[in-house]
Every structure is written in C-alpha cells, then in structure tokens.
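Secondary and tertiary structure notes
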Amino acid sequence: MMFPTFFYQRGLTWVREELYEIWCRVVPNGSAVVAETQRLQSLFHQASVYPSQSQILEMIHCARERELQLQQQQQQEESVVMPAASTSTALGCGSKDPPQTDGNLQQRNFLTFGEFCLFAHELRKSYEREIPRPTQLSKVVDIKGNDKKMSDRKISKSAAKYQVFLGGSCNPTTWRQDIAIPLLKTWGLTYFNPQVPQWGPELIEKEHHAKQTADVLFFVIDKQTRSVATIVEAAYYTAAQKTFILVIHALDGPGQLIQGEPITEREYEDLATGQLVLQDMVERLGIPVFSNIRLALDCTAKILKERITVQELGLSDGISPLKNPHYPIGDKLIKLRDAFNALDTSNSGEISMADVCMAFRILTNRDLSVDDLKNIVASSNEQTSVSFDQFCCILTEFRNLPADNQRRFWDVMASKAATLLYSVVSPVSRILCRPSPKGVARCDSSSPEVTMGGARDIYLGGSCGSTTWREQTAIPLLKKSGLTYFNPQTCGWSRRFIPIEAAAMDASRVLLFVVSLETRSLSSMALAAHYIGLGCNVVLCIQRLPDNAEINGDRLSAFAIKDYNRGRNYLSDLANREGIPVFDEIKEAVECAIQRCHQQLVLLQNQQTQIQQQQR
C-alpha cells in the first residue's frame, strides 16, 4: 500500500501537517499502515487524544470489517457471473487470492493513515463537546427516581479504618509482602492485608468493613493463579464509586503452569478474555489499568497525598490516560465507508472528484468545490479519483474549515444520494443486528430490531461457545412473550466485539446472565458482577461445575474446578446480598427476566401517563 503523499504540499493545516509529522515519527519506514496496539496508542497520545484499548479495538474492527464485507460481496457477484468451467480454478489451488474468512480478518489488525486522521479528529471533537457517559437502560431506580446503590452493612464506629485495601490474587503470590507492604510502611500509609496464614469465616466481616471504608481499593490480578473470584470481585467493586487501582499481569500463554498444572489453549483464551473484559470495564470508567505494581503503588501514594482522583493522573505519572473512553468511535468510519462504497458503483476502490464533493455535502451538509479539493491535491498531480484512505483525509481536512456556504442538501438530492443516505443511517444498529459471518443471529430477526432508539428488552448474556440454551430455551420464550433481545453469541467471536456488546448491554432493559456447567464462564461472571454493582436490573442462572467436568474436550483438574466454582460462589453470594434473583434452572431464570421486563414496561407507561396528565 502506497503512502498518500499527495496531501502534504502547501497551506498545511492540522490534519496535513501535525498528524503527518506524528505518523512519520512513530511509524517505521514510512509505512502506510500501523498494526501494533502500543504504537497506535503512541500515535494517538502524540496527537493529544487518549483512547482506551477497547476504543482502539473498535476502530480496527469497524475499519477492517467493512473491507471484508465488500470483498465477500464482490466474490459473490463474481461467482454468479463466472462460467461453470472456471469455477474450479477460482476456488482451487490456482486462485491467487483465496477468499477472506473471519479468521483472515482477525489477522489484519491495522489502521491506515487516513483512518488515523479521522479517529484522531473525532476524538478531539468529542472532548470539545464533553459527551456524558451513557446511562444503562437497565438501571434500577427507587420511587424518587434515584439510582440504586450497593447495599451497605452496618459498620461499627470503633472499627479500624485503613487507607489502602490490598485486594487481588493471594496464595501463592507474594507481591504484598515483597513490594506493597514495605513501600506503604515507608510512606506511612495504613493498609489492610487480607492474605493471612489461616483464613476463617470470622474474617469475612472484617474484610468487608476494610473494603467499605478504605480510601483506595488496590487490586492485583497476578498470572500465578487463575484469579477467578478475584476478577469477579474486582469487576463488582469497579462500580463502587471509590478510588480503584487495578494491576493486571497478562498470562504468558498456553502451557503456562498454574498450581503446577499447564493450562490448555482453550483455558488460556478464556482466562485472557476474562482479563480483557475486566480491563474494558475499568477503562470505561476513565480509570487506567496498570501492568507494574511499583508504578501503581507510586500513583496510589500520589492520589492519597495530593488528594486527587485516579482519573487526574497523566503521562508524566507513567500511565496511559483516558478521555471519553465510553465514546463510540467506530461508527464514524462506518458512515464514511458506506458513503464511499455507495458512490463506488464499479467497485474499483476509487471515486471521482465530483463524487467526493457529493459525499462531502451529504455527510456534512456543507459544500465542497473542486477548487477546494485542489488545495489538497497537488496541481502537478493529474489524478482524477481518490481512494478511501485519501477520502478519509479529505473529509477530516475540510471539516476543520469554516462553513462559508452551508446549505440544506435536500433540494439537490438525486437517486445516487438517496442510496447513499440509506447506507449511512444507523450503521451501529445494523452491525449489532446483522447475521454473523457464520450465520448465527445476533438479535431477533422476526420481531422489530430496535425500539426506542435502539433499546432492546433483554440482553442474553452468559455462557456462549457450544451452548444452546439461547436457541432451545430463551429465544422461544422471548418470542412467545413478544419481547426483543440481543444475542451476543457468535461462532466467530473476537475481542473486538467487547465494545459493541457493552453498548448492547447499556441499551437493554433487563440483563440475563447464564453461567452454565458447560463453560468456565469467567468473563460472563465478571460482567454480571459489574452490572450488579452498577445497580442494574440483573437476573442470574448459576450452575456449578461438577466433579470430573469436561469443557470443549478439556478435562478440568480438581484445582481448576475449585477455582471456577469459587467464582460462582462469590457471584451468587454478592447477588443474594444485593437482592438479585439467582436460579439453578435456565427456564426459570428466563421467565423471571420476562416478568421483570414486563414490570419495567408497565412502570414506564405509568410514568409517561403521569407526565402527560401533569402537562395538561
């Protein structure tokens, strides 16, 4: 891929000069693409924008998926018109470029320069607008309309209060004794250490009090243990509206020893996904995630001594700050890609200058003349068309210019424009609802896809993989009840779906999580705990793993079964404490979710009726 050098000649502005220079400093050998997540973060940081890891994954997902869809469409069209005699050549070994699959797509994790310009510009705009964090539709409120808060036990006034609670992985880890406690003593900071030689039930209340009263909750997810219950606990307390410091040590990979046993590739993927989901939940609250315990302790000391929040830490503190981590960024590129594809009627990968002006008017409601384009395209360049990457740069460049001749574009709408407009309406909802590449439905295809601006009645969270509880039990009951739903299960699941599914959970009235005996369910337990902590309308079905459990061909050891059941026990206990219904049978849990959804809908109708009566 050649680098789009035609943008940088005279009258340079922010897009063409600053971002171009940043790209040249960070990207080696003048490459037109950049793949490494750390290098992408460095690019954005130097442009004074601070996306979360989840936002970067969303950017990559939206950028590459549209390419895959276009390629699949072209291949389908070619297969229709291709003579039968040549079919074997196209599909066999003689094919130069094999058909793309979802697996191929996962290997193409990169952004181009034009995409980088667009995302950097959109993030800067979001900072200027100060977009608020979305409120979960499933949030439970009291009669006065106040959000439900975590339940608090009565705490003795004479009980000790500590500045730092040292939560996280325990035996056989020694990070508390080796690193944390010596430093905290040196700094004169009080702490509570839950890791004791002999643990007893009498310590439960003492630990709970320490968590409730501590100024800082300091959690470490170490790679020496599975940390199942720790991840579930951390996910719950991220919603506690307390100062939360999280350190995650990524696993080494398949074959790593945990409690003397090598973990399989499938278990590694489950554990790594659990860590990613936890990191995403924390970052969405604007809290940076650490990988170094000493650095995290230094920042903890600064927070306590200077009385600042963790969100106020910056690059000078050795961390990657976050701004507007909740902002959905990927759909901005989807709109441009859909507009470009609609005008690229020949599927050549390029559109004419006139089409660029047409797309600009429809996307921005502003005029762009050919003379304006010449300010970007060098006069010595005789090209008459632009690629999608160049199109991104042009749109980003001219969005910064004053709107001299703003006019409504409805009077010039042509048939091509009508097609284009259809392609850019609600792109995110179409991604959420479209069938996956393997044909697994992501939402109810028979009932309306969305209601009330994309809202759905029930989110079908929990165990995925080879489970069939959604298709066999939940979906038939939901269709019978006339309720909409979001189904996150897909054969080609990727970590890039995390932000998309987070948006779906925010837009669902009731969150159902099924922790089945067929899966490890670490990420599902973490998500359930987090949304319980946020005070959302959650229904749980929790099934314990049996002795000699086998998951996707992996025979679980006694240690592993104990670890995953400990996480289930912790989730069940906190749900009972928060008044969340917990069931053993999936059907009962689905019926409860349906009942709760109907109750919420009746409540909304009553509230709307009262408002209408007051207005009269």
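Procedures and definitions
Residues numbered from 1 in each chain as written. Predicted model: local features only at pLDDT ≥ 70, side-chain atom pairs only at ≥ 80, totals over all residues. Heavy atoms only, no water. Pairing = 2+ DSSP bridges. Helix = DSSP H or I, 4+ residues; strand = E, 2+ residues; numbered from the N terminus. Contact = heavy atoms within 4.5 Å. Axes fitted to C-alpha atoms, helices over the stretch in contact; angles between N-to-C directions. Parallel < 35°, antiparallel > 145°, perpendicular 65-115°, else oblique. Left-handed = near helix turned anticlockwise from the far one by under 90°. Nonpolar A, V, L, I, M, F, W, Y, C, P; charged D, E, K, R; others polar. Core = buried A, V, L, I, M, F, W, Y, C linked by side-chain atoms within 4.5 Å. Buried < 20%, exposed > 50% of the residue type's maximum accessible area, 1.4 Å probe, protein only. UniProt positions renumbered as here; feature names shortened; annotations may be inferred. Phe/Tyr/Trp six-rings, centres within 6.5 Å; stacked < 30°, edge-to-face > 60°. Lys NZ or Arg CZ within 6 Å of the ring centre and 35° of its normal. Patch = residues over 30% accessible without salt bridge, like charges linked within 9 Å, V, L, I, M, F, W, Y side chains within 5 Å. Areas by Shrake-Rupley, 256 points an atom, 1.4 Å probe, with all protein chains shown as cover. Salt bridge = Lys/Arg side-chain N within 4 Å of Asp/Glu carboxyl O. Lys, Arg positive; Asp, Glu negative; His and termini not counted. Charge placed at Lys NZ, Arg CZ, Asp CG, Glu CD. Right-handed = clockwise from strand over helix to strand, strands pointing away. Expected span 1.5 Å × (residues − 1).

Comments concerning the sheet that holds strand β3 (residues 164-168)
Read across the sheet, five strands follow the order β4-β3-β5-β6-β9 without closing on themselves; strand pairing throughout is parallel. The open sheet has two free edges, formed respectively by β4 (191-192) and β9 (289-290), since each of these has just one partner strand. Here strand β5 (residues 216-221) runs beside strand β6 (residues 243-248); their pairing, made up of six bridges, is parallel. Note on β6: the bridge partner recorded for F219 is L246. Those strands touched by helix α11 (residues 293-306) are β3, β5, β6 and β9, and its axis lies near 175 degrees from that of β5.

Let's talk about the packing of helix α6 (residues 113-129) against helix α12 (residues 330-343)
Closest axis-to-axis distance for the α6/α12 pair is 9 Å, and the angle between their directions is 130 degrees. Taken together, α6 and α12 sit at an angle that is classed as oblique. Of the two possible hands of crossing, α6 and α12 adopt the one that is right-handed. Along its contact with α6, which presents E115, L118, F119 and E122, the element α12 presents G330, K332, L333 and L336. Broken down by class, the residue content of the contact of α6 with α12 amounts to four nonpolar, one polar and three charged.

Quick word on the nonpolar core
F218, L278, L540 and L571 are the most contacted members of the largest nonpolar core, which totals 89 residues. Once you skip the residues sitting within four places of it in the chain, F218 turns out to touch V164, F165, L166, G167, W175, I245, V247, I293, A296, L297 and T300.

Here we look at the UniProt feature "domain: EF-hand" (unreviewed entry) in the chain
Residues given the UniProt feature "domain: EF-hand" (unreviewed entry) here are residues 331-366. For residues 331-366, helix accounts for 69% and strand for 8%, while the C-alpha atoms at its two ends are 20 Å apart.

Observations regarding the sheet that holds strand β15 (residues 538-542)
Spatially, the five strands line up as an open sheet ordered β13-β12-β14-β15-β18, and their pairing is parallel. In the strand order of this sheet, the two ends are held by β13 (485-486) and β18 (582-583), each with one partner. Lying on the sheet, helix α18 (residues 469-481) is in contact with β12 (456-462), β13 and β14 (508-515); it crosses β12 at an angle near 165 degrees. Across the sheet, helix α19 (residues 498-506) lies against β12, β13 and β14, angled at about 120 degrees from β14, the strand it touches most.

Some points on the packing of aromatic side chains
As enumerated under the stated definition, the model contains 15 aromatic pairs in all. Pairing F340 with F391 gives two aromatic rings, centres 5.6 Å apart and planes at 50 degrees, and the pair type is tilted. With F340 in helix α12 and F391 in helix α15 (residues 388-399), the pair connects residues that are 51 residues apart, well separated along the chain. An angle of 40 degrees between the planes, with centres 6.4 Å apart, marks the rings of F388 and F391 as tilted. Pair noted here: F388 and F391 are both in helix α15, with a separation of three residues, about one helical turn. Members of the aromatic cluster, joined through ring pairs, are Y20, W23, F44, F113 and F116. Across the ring face of Y127, the terminal group of K323 is positioned such that the distance to the ring centre comes to 4.3 Å. For R337, the ring lying beneath its charged end belongs to F388, and the centroid distance is 3.8 Å.

As for a negative patch on the surface
A surface patch of like charges, here negative, comprises D584, E585, E588 and E591. On the secondary structure map, E585 appears in the loop between β18 and α22 (586-615).

Topic: the pairing of β3
With five of five residues buried, β3 lies mostly within the body of the structure. Burial along β3 is two-sided: V164, L166 and G168 and F165 and G167, pointing in opposite directions, are all buried. Relative to β4, β3 runs parallel, the two being bridged by two bridges. Its bridge partner being in β4, F165 is matched across the sheet by F192. Between β3 and its parallel partner β4, the chain crosses via helix α7 (residues 175-187), and the hand of that crossover is right-handed. Direction of pairing for β3 relative to β5: parallel, over a ladder of five bridges. Following the sheet pairing, F165 is matched in β5 by L217.

Looking at the pattern of salt bridges
In a structure, side chains of opposite charge can pair up when their charged atoms sit close to one another. Under the criterion given, the structure shown has 18 salt bridges. In this structure, the salt-bridge partner of E233 is K211, at a minimum N-O distance of 2.2 Å. In this pair, E233 sits in helix α9 (residues 228-237) while K211 sits in helix α8 (residues 203-213), placing the two residues 22 residues apart along the sequence. The exposure classification of E233 matches that of K211, with both residues buried. Across the salt bridge formed by K332 and D331, the nearest N and O atoms sit 3.0 Å from each other. Of the two residues, K332 and D331, neither departs from the other in class, the shared state being buried. Salt bridges sharing partners connect three or more residues here, namely R226, E261, E267, D563 and R566.

A closer look at the packing of α12 against helix α13 (residues 353-364)
It is the contact of α12 with α13, at a shortest axis distance of 10 Å, that shows an interaxial angle of 140 degrees. By the angle between their directions, the pair α12 and α13 is classed as oblique. Here α12 and α13 pass one another in a crossing that is right-handed. Here K335, L336, A339 and L343 of α12 come into contact with α13, specifically with D355, M358, A359 and L363. Its residues assigned to classes, the contact of α12 with α13 shows six nonpolar, no polar and two charged.

A few points about unusual backbone geometry
The omega torsion of the bond from N171 to P172 falls at 10 degrees, within 30 degrees of zero and hence cis. Relative to the helices and strands, P172 is located in the loop between β3 and α7. Even without a glycine there, the phi angle at R307 is positive, about 55 degrees. By the secondary structure assignment, R307 is in the loop between α11 and α12.

Here's the deal with α22
With 30 residues, α22 ought to run about 44 Å at 1.5 Å a step, and its terminal C-alpha atoms sit 44 Å apart, in line with that. Looking only at α22, the buried set comprises I586, A589, V590, C592, A593, I594, C597 and Q600. Packed against the buried residues of α22 are β12, α18, β14, β15 and β18.

Some details on the pairing of β15
Summarising burial for β15: five of the five residues are buried, a large majority. The alternating pattern of β15 places V538, L540 and I542 on one face and V539 and C541 on the opposite face, and all of these are buried. Here β14 runs beside β15; their pairing, made up of five bridges, is parallel. Within the sheet, the bridge partner assigned to L511 lies in β15 and is V538. Read from β14 through helix α20 (residues 522-533) to β15, the crossover connection turns out right-handed. Here two bridges tie β15 to β18, and the two strands are oriented parallel to one another. Counterpart to C541 in the pairing with β18 is F583.

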